[in-house]
Amino acid sequence: MTARPENAHQARILRLLRTDGPRSRAELGDVVALSRSKIALELDRLAALGLVRSDGFAASRGGRRSEIVRLAANLRFLGVDIGATSVDVAVTNGELEVLGHLSRPADVRDGPTAVLDQVLEMVAKLRADGVVGEVHGAGIGVPGPVSLRDGTPIAPPIMPGWDRYPVREAMSQELGCPVLVNNDVNMMALGELHAGLARSAEDFLLVKIGTGIGCGIIVRGEIYSGVSGSAGDIGHIRVDDHGPVCACGNSGCLEAYFGGAALARDALAAARSGRSPFLAERLAEKGALTAEDVGAAAAAGDAHAVGMVREGGRKVGTVLAGLVNFFNPGLVVISGGVAGLGHALLAEIRSVVYQRSLPLATGNLPIVLSDLGGTAGVIGAARMVSDHVFSA
């Protein structure tokens, strides 16, 4: 059983050390408003539990130098980001610095047994490389709605065979540590909060545009999941009553227009019809097309591909403008594989949001591309389970 803090003071100390790094005993006492004797008692107990260690001495503040404290060197958390077409597994230390990171192609439609076995193989590879020994907690993000009470996916549209599969229970037994499961977009939002452009933002939106489209909602530094865990599923907001059929069974969803699968579908149609010479040539070379090919075509100046990106950006911007009016965030971060279309997409989204949202909501609203790349999800998953482990 992983050691846990014994009270709220210890839990707060651990989270401070995780987020801000090493601090002196005096600084910690100031932040948590504890006397010198009380902070010493709590830190000694945390050291006895194997959760913190000494790391030298701070500069003098006019008297005896205060000891610097940091999290124990052997603390290890796993972050697992299961996407529709890939799996990422990372191991971090207690301060959530990534010590090892593996990424492999995977098809979530192969079902939970095949995908989770692949996750365990990647963990075994990290163990063999000497990056991880004992695991103190694992966080897992999956591309669908999750029951936070049970740690199970609930009727995920793009995850056949995963409905109510006991991911948390199965992986906890395999790894021998606490495991938490949540939606992958929420994990990305936590990753941005911890290590990305949102470090100084307490209220923000993370919009992931990948195979699916979702939104992580951070309120006062915490994930907002809604009553049943399905908050932020913006990919299934209808933008056209007579649009294409979505994976969820409805018609005209945002995801059916601009998710990765939708872009690949439209790229194939454009290539076969001759509307896009670049995509037609790429199709002849590869035999298939993806959203990445649309990005390459747009970057090369292919007029039809540029139009696809702009039209998709307008639809995302229209939905996002409504969210901005409703939520009034301090920041919007755009991430995910399709977000790799870059600044042409970002410019279109910004234009629509700034035009359609209220001036009071957008007067000081940055809309930016994530700079964490493929690590946002794994860092966020590690952050989630560390919150659990570092709680009383």
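Please refer to the structure placed before this passage.
Counting from 1, residues in each chain are numbered in the order their sequence is written. Only residues with pLDDT of 70 or above have their local features reported here, since the model is predicted, and side-chain atom pairs are shown and tallied only from 80 upward, although totals for entire chains, interfaces and linings are computed over all residues. Values reported for side chains reflect all heavy atoms of the structure, with hydrogen atoms and water molecules removed beforehand.

### Focus on the sheet that holds strand β10 (residues 179-183)
Turning to step 1, where the next piece is worked out: In space, the five strands of this open sheet follow the order β6-β5-β4-β7-β10, with mixed pairing throughout. Of all strands in the sheet, those with a lone pairing partner are β6 (98-105) and β10, marking the two edges. The mean angle between the axes of side-by-side strands here comes to 15°, regardless of whether they run parallel or antiparallel.
Turning to step 2, where the next piece is worked out: Here, residues are in contact when the closest pair of their heavy atoms is within 4.5 Å. Where helices are involved, their axes are fitted lines through C-alpha atoms of the stretch in contact, as for all axes, and angles between N-to-C directions lie from 0 to 180°. Segments assigned H or I by DSSP are reported as helices when at least four residues long, segments assigned E as strands when at least two residues long, and all are numbered from the N terminus. Strand contacts of helix α14 (residues 376-389): β4 (77-82), β5 (86-92), β6, β7 (137-142) and β10, with the helix running at about 135° to β4, the strand carrying the most contacts. When DSSP finds two or more bridges between two strands, those strands count as paired.

### What to know about the pattern of salt bridges
Turning to step 1, where the next piece is worked out: By definition here, a salt bridge exists when the distance from a side-chain nitrogen of Lys or Arg to a carboxyl oxygen of Asp or Glu is within 4 Å. Following the criterion strictly, the structure yields 22 salt bridges and no others.
Turning to step 2, where the next piece is worked out: Asp20 is the partner of Arg23 in a salt bridge, and the nearest nitrogen-oxygen pair spans 2.9 Å.
Turning to step 3, where the next piece is worked out: Salt-bridge contacts for Glu42 lead to Lys38; the nearest nitrogen and oxygen are separated by 3.0 Å. Of the two residues, Glu42 and Lys38 are both situated in helix α3 (residues 36-48); the distance of four residues between them amounts to about one turn of the helix.
Turning to step 4, where the next piece is worked out: If you follow the salt bridges from partner to partner, you end up with Arg15, Arg18, Arg383 and Asp387 in one network.

### Description of the packing of aromatic side chains
The way to describe two aromatic rings as a pair is by their centre distance and the angle between their planes.
Turning to step 1, where the next piece is worked out: Two rings from Phe, Tyr or Trp (for Trp, the six-membered ring) form a pair when their centres sit within 6.5 Å of each other. Planes less than 30 degrees apart are called stacked, planes more than 60 degrees apart edge-to-face, and all others tilted. By the definition in use, this model includes one aromatic pair.
Turning to step 2, where the next piece is worked out: Ring plane angle 80° and centroid distance 5.7 Å describe the contact between Phe77 and Phe390, whose orientation is recorded as edge-to-face. Of the two residues, Phe77 sits in strand β4 while Phe390 sits in the segment after α14, which places them 313 residues apart along the sequence. There is no split in this pair, since Phe77 and Phe390 are both buried.
Turning to step 3, where the next piece is worked out: We call a charge positioned above a ring when the Lys NZ or Arg CZ atom is no farther than 6 Å from the ring centre and deviates by at most 35 degrees from the ring normal. Geometry around Tyr257 places Lys315 over its ring, the cationic atom sitting 4.7 Å from the centre. Buried, partly exposed and exposed residues are distinguished by accessible area as a fraction of the type maximum, computed with a 1.4 Å probe on protein chains only: under 20%, between the cut-offs, and over 50%, respectively.

### Some words on the sheet that holds strand β3 (residues 67-71)
Turning to step 1, where the next piece is worked out: The sheet built from three strands is open, its strands ordered β1-β3-β2 with antiparallel pairing. Looking at strand neighbours, the two that pair on one side only are β1 (23-24) and β2 (52-57), the edges of this open sheet.
Turning to step 2, where the next piece is worked out: Two strands pair when backbone bridges link them, and β1 and β3 are joined in this way by two bridges, in the antiparallel orientation. Across the sheet, residue Ser24 finds its bridge partner in β3, namely Ile68.
Turning to step 3, where the next piece is worked out: Where helix α1 (residues 8-20) meets the sheet, its contacts fall on β1, β2 and β3, and the angle it forms with β3 comes to roughly 85°.

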